Amino acid sequence: GRDVTAWLADPGLVAGNSYQVRTMIANPSIQELRAAGTEYPQWVTDRYLQVPGEIEPQLGVLAESITRSYITPYDKAQAITTYLRIKIQYTTQLAESPPSFMDPVVWVLFEYKKGFCMYSASAEVLMLRTLGIPARLAVGFAEGEFDLQRDRYTVARFNSHAWPEVYFPGIGWIDLV
C-alpha cells in the first residue's frame, strides 16, 4: 500500500493565488466504522503504532482507563476525543513552557491541562497507538473565511489546524473530530 503524505503545487503558490481541488471523501457510517475490525495491513502497523518508550507507560495507563468499557477502535477513539475535550482547555498560546525534562504532550496532558490543537491531537494519536489502534497526526487548514462578494474562501495562517486520523480496515484514514 501507498500512503500519500503531501501534495505539492508546481509551480508553487504565493499569496493571492487560488487553486481548485477535487477529492473523494470517505463517509462511512458509525456502524461501518464499528464493524471495520482490527485486521490492519502490515504497512499500517509498521508505521502507525510507534510511541516513544519513555512516555508509553503513562499514556497507556491513561488510555486504558479511559477506554476500559469500550470494545471497538471507533468507540475507544471517541472516548479519548471526549476525554481530551473535557480535560484540556483550548488556548491559542501557552503562558508557560514545559520543563526541559518533560515531554510537552505529557506536560499538557497531566499537568498544564491547557493547549492548542497540536497538543490534543498528538496526545490522542499516541494514546490510541498504545492501545494498538493505528493513528496519525494530520495538519492543514480549516476552511477559512467565506467572502460572499467574491464567492470564495480566504485561508490565512491562523486557520492552521491539526487533528488525529484513525485507520479503519477496508475504509482507510478517518478523522473523528
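Check the entry above for the structure.
Cut-offs applied
- Residues numbered from 1 in each chain as written.
- Predicted model: local features only at pLDDT ≥ 70, side-chain atom pairs only at ≥ 80, totals over all residues.
- Heavy atoms only, no water.
- Axes fitted to C-alpha atoms, helices over the stretch in contact; angles between N-to-C directions.
- Helix = DSSP H or I, 4+ residues; strand = E, 2+ residues; numbered from the N terminus.
- Parallel < 35°, antiparallel > 145°, perpendicular 65-115°, else oblique.
- Contact = heavy atoms within 4.5 Å.
- Nonpolar A, V, L, I, M, F, W, Y, C, P; charged D, E, K, R; others polar.
- Phe/Tyr/Trp six-rings, centres within 6.5 Å; stacked < 30°, edge-to-face > 60°.
- Buried < 20%, exposed > 50% of the residue type's maximum accessible area, 1.4 Å probe, protein only.
- Expected span 1.5 Å × (residues − 1).
- Core = buried A, V, L, I, M, F, W, Y, C linked by side-chain atoms within 4.5 Å.

J.: Any chance you could explain the packing of helix α3 (residues 56-67) against helix α6 (residues 117-130) here in plain terms?
T.: If you want to describe how two helices pack, look at the angle between their axes and the distance between the axes. Across the interface, α3 lies against α6 with an axial gap of 8 Å and an inter-helix angle of 80°. By the criterion of interaxial angle, the relationship of α3 to α6 is roughly perpendicular. Across the interface between the two elements, Glu56, Leu59, Gly60, Leu62, Ala63 and Ile66 from α3 touch Leu126, Met127 and Thr130 from α6. A class-by-class count of the residues in the contact of α3 with α6 yields six nonpolar, two polar and one charged.

J.: Just checking my understanding: could you explain the packing of aromatic side chains for this structure?
T.: Where two aromatic rings form a pair, the distance of their centres and the angle of their planes describe that pair. Under the definition given, this model contains six aromatic pairs. Plain terms: the ring middles of tyrosine 48 and tryptophan 173 are 4.7 Å apart, the flat faces sit at 75° to each other, and that makes the pair edge-to-face. Linking tyrosine 48 in the loop between α2 (42-47) and α3 with tryptophan 173 in strand β7 (residues 172-175), this pair joins segments that are 125 residues apart in sequence. You'll find tyrosine 48 and tryptophan 173 in the same group, each marked buried.

J.: So what exactly am I meant to see when it comes to the environment of leucine 137 here?
T.: Note on placement: leucine 137 falls in strand β3 (residues 135-141). For leucine 137, a relative accessible area of 36% puts it in the partly exposed group. Sequence separation of leucine 137 and proline 164 is 27 residues, and the distance between their C-alpha atoms is 4.8 Å. Leucine 137 has contacts with Met118, Ala121, Ser122, Val125, Ala162 and Trp163, leaving out every residue within four places of it along the chain.

J.: Even after reading the chapter, I still don't get α6, so can you show me in this structure?
T.: Given 3.6 residues to a turn, an α-helix orients residues that are three or four positions apart in the same direction. Counted at 1.5 Å a residue, the expected span for α6 with its 14 residues is 20 Å, and the 20 Å between its end C-alpha atoms agrees. Of all 14 residues in α6, twelve are buried, a share of seventy percent or more. Those residues of α6 not exposed but buried are Cys117, Tyr119, Ala121, Ser122, Ala123, Glu124, Val125, Leu126, Met127, Leu128, Arg129 and Thr130.

J.: Please clarify how unusual backbone geometry should be interpreted in this entry.
T.: Most peptide bonds are trans, and most residues other than glycine sit at a negative phi. Put simply, aspartate 10 and proline 11 share a cis peptide bond, and its omega is 5°. The topology assignment puts proline 11 in the segment before α1 (30-35). In this structure, lysine 113 takes a positive phi of about 65° despite not being glycine. With respect to the helices and strands, lysine 113 occurs in the loop between α5 (104-112) and β2 (114-115). Overall, lysine 113 belongs to the partly exposed group, its relative accessible area being 32%.

J.: Got a minute to help me understand the nonpolar core in this structure?
T.: As a rule of thumb, soluble globular proteins bury nonpolar side chains together. By size, the foremost hydrophobic cluster in this structure holds 39 residues, and its most contacted members are Leu109, Met127, Phe168 and Leu176. Of all the secondary-structure elements, those providing two or more residues to this core are α2, α3, α4 (73-87), α5, α6, β6 (160-168) and β7. Excluding residues within four positions of it along the chain, leucine 176 makes contact with Leu33, Tyr74, Ala77, Gln78, Pro164, Val166 and Phe168.

J.: Mind showing me how you'd approach α3 here?
T.: Between the first and last C-alpha of α3 there are 16 Å, a value that for twelve residues agrees with the 16 Å anticipated at 1.5 Å per step. The inward-facing, buried residues of α3 abut α4, α5 and α6.

Distances and angles like these do not, on their own, reveal function.
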